[in-house]
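# Observations on the model geometry
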Amino acid sequence: MSYDLVYIHPTGLDHHSWSPIIPMGVPALMQSVDCKKIGVFYDQVNEELIRSAKIVALDLHWYFHLYPVEVISAYLKRINPSINIIAGGYTATVLAETIIKNFKIDFIIKGDAEYPFVLLVNGLLGNGDIRNIPNIVAKSFSSKQDYCLTKDGFSSYVYNDLSWFPALEKIIHKAQKLKYPSWIGPWIPVSKGCKYQCSFCYGSPFLQEKINKRKIVSRPADKVREDLLKWSRDEKIRYVHFISDFLDSEGSDYAKAVLSAPYDLSVYYEFYNIPSIEEVNLFLNAFKYCHFWFTIKTDHSSGKNLNNFEAMRALFDYLKDKNCRIGLCVQPRQIFRHKDYFKMFASLAIRNKIDLLEYNWDIKVPDPMKDQESEFRNFFNLSKKSDIFPYFKKRSIEIAYGHKAFFSFLMMLGTYSVLVKCLFNFCTQSFKEATKI
Ligand code: B12
Ligand code: SF4
């Protein structure tokens, strides 16, 4: 079978734990183009597929795909020199001019790509003029980045159909058999960008402005409900998860509108801050089963303050006999650096026997404010070495088998080789004292 457009996700199919993660906006891009199209993981690519294809679209969102994307694009051009390669995503945007010089990629779409992608694909398939399409960096020209997603645009795109990517659908269906709802499942976009100003994160208003030329943009509640209803009707889907905490970002009224009726679904949900009992009940009433995750620090761990301990403990007590499972996202470095964080962690995790998920907020990303060439060199070299697979494997094992806090805590320590520090902490503080707040 031949295709006009092949989307290739640079992660291999064998990496089960993280291959399902494609940039959340890609389904909308692929839905919007009207041609023969398919999505594949890179290890499904074969010569026959590439020889007959006219366009390949590659996501380059997470920097560790830099090296794989270079290898894949060189391979594609060797097999089919006339193929058009389009890339997009955060890393592609931040390093666009350098990537286009160094990789065998023909076009990079900077920032939001919904509208430019359709125009570019149509132009390439129909030999139309492509020089006036916004947000493009090409080998021989570049256009102004003056397209960005608006609320109206966001509400018009389709995110709930993955039939164009059968291998991804298969993994998602398989993951539905996991014991507890996880993030390997259909995702529901709520907002792009974030209201918190974390200096290291592309989601922060300052960097969104720099990269996507806009502020946070959100989908109307009825569109989010449409996705929930669509996935509810799908017999193969048992649970969903959301991209961003809409209760925190959009407020209680929005949450009430989204969660106004019970769905034939379970949910995986990360709260950025501590919800009230009334708010948590909205979720308990709307979903069959809830896998809730909380952070010890405020604002999704990015805040300076710790959450109110009493409020967290009261909430966890309330949730004990409800149809849900509680998880705590922890930052290992905070445990060993800050006494109060450690106290809260030990008290909540051990007393409540909950799951732990390790959070690593310190991950470096290409800095759009620095010299592009040197950022490219640094991150390209890093991407050659980066093997985040063990980390994701660990996370999915935790979720799949629902290890209790102690065991997952040990796994976390193993990964980061901080056992020595832990023993030191335990030896220097009496455990009782450490858990007393
Ligand atoms: C939600 C989220 C996640 C979710 C994934 C959700 C998903 N399916 O996308 C989860 C929790 C799984 C996750 C994991 C990770 N994430 Co994350 N995540 C985010 C977050 C908060 C939102 C991302 C997002 O959806 N943006 C929405 C818009 C911008 O993207 P989009 O619609 O999908 O894509 C548009 C364009 O980028 C472009 N585009 C994207 N792909 C393509 C492909 C083509 C061909 C084209 C033409 C265009 C195009 O077009 C789209 C439509 O306009 C951002 C921070 C933020 N608030 O933005 C970090 C962020 C993307 N994550 C980041 C990181 C580092 C990670 C992890 C490595 C963290 C870790 N150590 O575990 C992992 C990697 C996941 C993996 N692939 O294995 C970094 C990426 C930095 C980088 N460039 O490398 C970010 C930017 C945070 C930061 N530190 O700044 N993440
Ligand atoms: S709260 Fe999370 S998504 Fe928002 S800016 Fe901070 S790290 Fe990024």
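Residues numbered from 1 in each chain as written. Chains lettered and ligands numbered in written order. Predicted model: local features only at pLDDT ≥ 70, side-chain atom pairs only at ≥ 80, totals over all residues.

## Side note on the sheet that holds strand S4 (residues 84-88)
For sheets, the rule is that strands pair by backbone hydrogen bonds, running either parallel or antiparallel. Counted only if it meets this: Any two strands between which DSSP finds at least two bridges are classified as paired. Each helix is a run of H or I in the DSSP string that is no shorter than four residues. Each strand is a run of E no shorter than two, and both are numbered from the N terminus. Interaxial angles span 0 to 180 degrees and are taken between N-to-C directions of axes, which are lines fitted to C-alpha atoms, for helices over the stretch in contact. We call two residues in contact when the distance between their C-beta atoms, placed using the backbone, is within 7 Å.
Within the open sheet, the six strands sit side by side as S2-S1-S3-S4-S5-S6. Their pairing is mixed. In this open sheet, the two edge strands, each paired with only one partner strand, are strand S2 (37-41) and strand S6 (136-138). This sheet shows a mean twist of 25 degrees between the axes of neighbouring strands, independent of strand direction. Helix H6 (residues 114-126) contacts strand S1 (5-9), strand S3 (55-59), S4, strand S5 (107-109) and S6 of the sheet and is inclined by roughly 155 degrees relative to S5.

## Things to note about unusual backbone geometry
How we decide: Counting other C-beta atoms within 10 Å of each residue's C-beta, where C-beta atoms are placed from the backbone, gives the exposure class: buried for 20 or more, exposed for 12 or fewer, partly exposed between.
The residue Ser244 is not glycine, and still its phi comes out positive at about 95 degrees. The topology assignment puts Ser244 in the loop between strand S10 (239-243) and helix H11 (246-250). On the basis of neighbour counts, which here come to 23 C-beta atoms within 10 Å, the residue Ser244 falls in the buried class. Even without being glycine, His300 reaches a positive phi, approximately 60 degrees. Relative to the helices and strands, His300 is located in the loop between strand S12 (290-295) and helix H14 (309-319). With 24 C-beta atoms counted inside 10 Å, the residue His300 sits in the buried group.

## Digging into the site of ligand 2
Stated formally: By definition, a residue lies near a molecule or strand provided its backbone-derived C-beta atom is within 6 Å of it. When residues are grouped by polarity, Ala, Val, Leu, Ile, Met, Phe, Trp, Tyr, Cys and Pro land in nonpolar, Asp, Glu, Lys and Arg in charged, and all others, Gly among them, in polar.
All residues adjacent to ligand 2 are Cys194, Tyr196, Cys198, Cys201, Gly203, Ser204, Asp299, His300 and Ser302. Here the residues of the shell around ligand 2 are counted per class, giving four nonpolar, four polar and one charged.

## As for the pairing of S12
Convention followed: A crossover gets the label right-handed when its path from the first strand over the helix to the second runs clockwise, viewed with the strands pointing away from the viewer.
Among the six residues of S12, six are classified as buried, and the element is accordingly described as predominantly covered. Side-chain alternation along S12 places Cys290, Phe292 and Phe294 on one buried face and His291, Trp293 and Thr295 on a second face that is also buried. Sheet topology places strand S11 (residues 266-270) next to S12; four bridges connect them, and they run parallel. Across the sheet, the residue bridging to Glu270 is Trp293, located in S12. Note on the crossover from S11 through helix H13 (residues 277-286) to S12: the handedness is right-handed. Judged from the six bridges that link them, S12 and strand S13 (residues 324-330) form a sheet pairing that is parallel. Note that in S13 the partner of Cys290 across the bridge is Cys324. In the classification by handedness, the crossover that spans S12, the intervening H14 and the parallel S13 is right-handed.

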